[in-house]
Amino acid sequence: MTEIRTPRLLLRRWHDDDLAPMADIDADPRVMRWIDDGSVLPAVAISWRFGPQFWGQGYASEAAHATLEFALQDRGLDRVISISQVGDDASENIMRKLGMEWESETAHPVHGRPLRVHAIDLTEFQA
Ligand SMILES: CC(C)(COP(=O)(O)OP(=O)(O)OC[C@H]1O[C@@H](n2cnc3c(N)ncnc32)[C@H](O)[C@@H]1OP(=O)(O)O)[C@@H](O)C(=O)NCCC(=O)NCCS
């Protein structure tokens with residue numbers, strides 16, 4: 001089973017006993033403000049979601065960088081996207097720091113709120 005380790009984090013597949021703490025995180029309206037129902041998109045996308053007590057310590061950036069490295073370098077994906085709702089400045093900041101380029105703006109297929117699509121390929125990631 002694949003695991004990704006960063007200096008402070010372990011990214012791994014779900015365990016059954018993750019369900020209860022994740023349900024607590026998802027029940028927090030501060031966490032879900034920009035996420036809606038979190039439906040899966042027709043692309044390989046990265047996103048991030050932490051309990052508020054872990055915000056502001058660089059964990060999202062650290063995990064996202066390691067995940068892009070795994071997706072683009074290890075697994076050889078052509079491209080990875082990340083989507084943010086307009087107004088989710090923290091996520092846009094993370095995408096910018098990762099080197100992801102703002103590609104297009106679209107609308108959420110269900111509620112119509114504006115979304116920004118960012119993308120990166122291996123060349124851009126290594127630049
Ligand atoms: C989005 C989220 C993961 C960010 O977590 P975090 O731990 O603050 O992220 P990081 O510390 O790695 O980096 C965030 C960057 O954005 C900045 N930032 C944080 N909140 C911000 C805000 N409200 N406005 C602008 N910038 C902000 C931070 O300063 C940091 O930039 P820096 O490294 O240059 O200082 C966290 O807020 C969260 O889980 N939110 C709820 C879930 C969510 O909305 N996910 C997004 C779905 S795409």
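Residues numbered from 1 in each chain as written. Predicted model: local features only at pLDDT ≥ 70, side-chain atom pairs only at ≥ 80, totals over all residues. Heavy atoms only, no water.

1. Observations concerning the pairing of strand E5 (residues 114-120)
Worth spelling out the cut-off: Accessible area is worked out with a 1.4 Å probe on protein chains only. A residue is then buried under 20% of its type maximum, exposed over 50%, and partly exposed in between. Helix and strand assignments follow DSSP, with helices taken as H or I runs no shorter than four residues and strands as E runs no shorter than two, numbered in order from the N terminus. Each pair of strands is called paired provided DSSP finds at least two bridges between the two strands.
With six of seven residues buried, E5 lies mostly within the body of the structure. Judged from the six bridges that link them, strand E3 (residues 80-85) and E5 form a sheet pairing that is antiparallel. Bridge pairing in E5 places Ile81 opposite Ala119. Alignment of strand E4 (residues 101-107) against E5, held across six bridges, turns out to be antiparallel. Bridge assignment links Ala107 to a residue of E5, and that residue is Pro114.

2. Topic: the pattern of salt bridges
Put simply, the test is: What counts as a salt bridge is simple: a side-chain nitrogen of Lys or Arg found within 4 Å of a carboxyl oxygen of Asp or Glu.
Applying the stated criterion to the full structure yields nine salt bridges. As a salt-bridge pair, Arg75 and Asp74 come within 3.1 Å of each other at their nearest N and O atoms. Owing to a relative accessible area of 52%, Asp74 belongs among the exposed residues under this scheme. Of the charged contacts in the structure, one is a salt bridge between Arg116 and Glu92, with a shortest N-O distance of 3.1 Å. In this pair, Arg116 sits in strand E5 while Glu92 sits in helix H4 (residues 89-98), placing the two residues 24 residues apart along the sequence. Residue classification places Arg116 among the buried residues on the basis of a relative accessible area of 19%. Among the ionic contacts, a cluster of salt bridges with common partners joins Glu92, Glu105 and Arg116.

Shape descriptors only; they carry no functional weight alone.
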